[in-house]
Amino acid sequence: EILSMVKREIVKDANGDAMLEENNYMRYGIGLCLDVGRFIAGLGIGAKLQLSYDHTEEDAFLKRSADRLMGGLSVGLFDKVDILVGYQSSSKDFGKPLVVTGDAAINSVKESLLMVGPRLKIAPNSFLTLQGGMLNDKVSFSNSGVSAEFSIDKIVATADVTVNF
């Protein structure tokens, strides 16, 4: 399923000369939600699996392409307790490196996030969610012709209260 397709016009300077070449941009994605609790009905638990994928690309300018993959699982253990597991991965590649300074340029950026935790029902349509996980960021770059990769790992903790009206 193609979500959107946009064509950028040629940009011209004051003299009428083209500053940017024509750039075609395309984006598509797909998503899926499965009630896997129905397949394991004998266990008496509710479980939902959600997956999605998104791709974006352009054929000129920086020739960027980006991919994003997301997945989540929600398993109801008791009446008021669910366990949530989620994963997200995104990457952006530059066909033409993104120049940051004179000799330094970014070639690609990648990120992945894994989160796990309980969701507690505190009242009708109200939940307290506590999650922890790991976030990893990687940047591939070149500086004065030498390629390298920079990576950061972070531990992430979140808490939120959701109230639906």
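Residues numbered from 1 in each chain as written. Predicted model: local features only at pLDDT ≥ 70, side-chain atom pairs only at ≥ 80, totals over all residues. Heavy atoms only, no water.

### Comments concerning the layout of surface pockets
Where empty space is left in the structure can be found by rolling a water-sized probe over the atoms. Quantified by volume, the largest pocket comes out at close to 280 Å³. Elements with a contribution of two residues or more to the lining of the largest pocket: β3 (46-58), β4 (64-76) and β5 (81-99). Counting residues per element, the lining of the largest pocket draws most heavily on β4, at 6 residues. By residue class, the composition of the lining of the largest pocket is 5 nonpolar, 8 polar and 3 charged. (1 Å grid on protein atoms, 1.4 Å probe; cavity = no way out; pocket = protein on both sides within 12 Å on 5 of 7 lines; lining within 4 Å. Points joined across faces, edges and corners; volume = space filled by probe spheres on them. Helix = DSSP H or I, 4+ residues; strand = E, 2+ residues; numbered from the N terminus. Nonpolar A, V, L, I, M, F, W, Y, C, P; charged D, E, K, R; others polar.)

### Some words on the pairing of strand β6 (residues 104-123)
The pairing of β5 with β6 spans 15 bridges and is classified as antiparallel. In the sheet register, aspartate 82 faces β6, and the bridge partner there is arginine 119. Between the antiparallel neighbours β5 and β6 lie 4 residues. Pairing of β6 with strand β7 (residues 126-143), which is carried by 16 bridges, proceeds in the antiparallel orientation. Within β7, the residue paired with lysine 110 across the bridge is lysine 138. Where β6 hands over to β7, the hairpin turn is made up of 2 residues, of which asparagine 125 adopts a positive phi near 60°. (Pairing = 2+ DSSP bridges.)

Read these as spatial facts, not as claims about activity.
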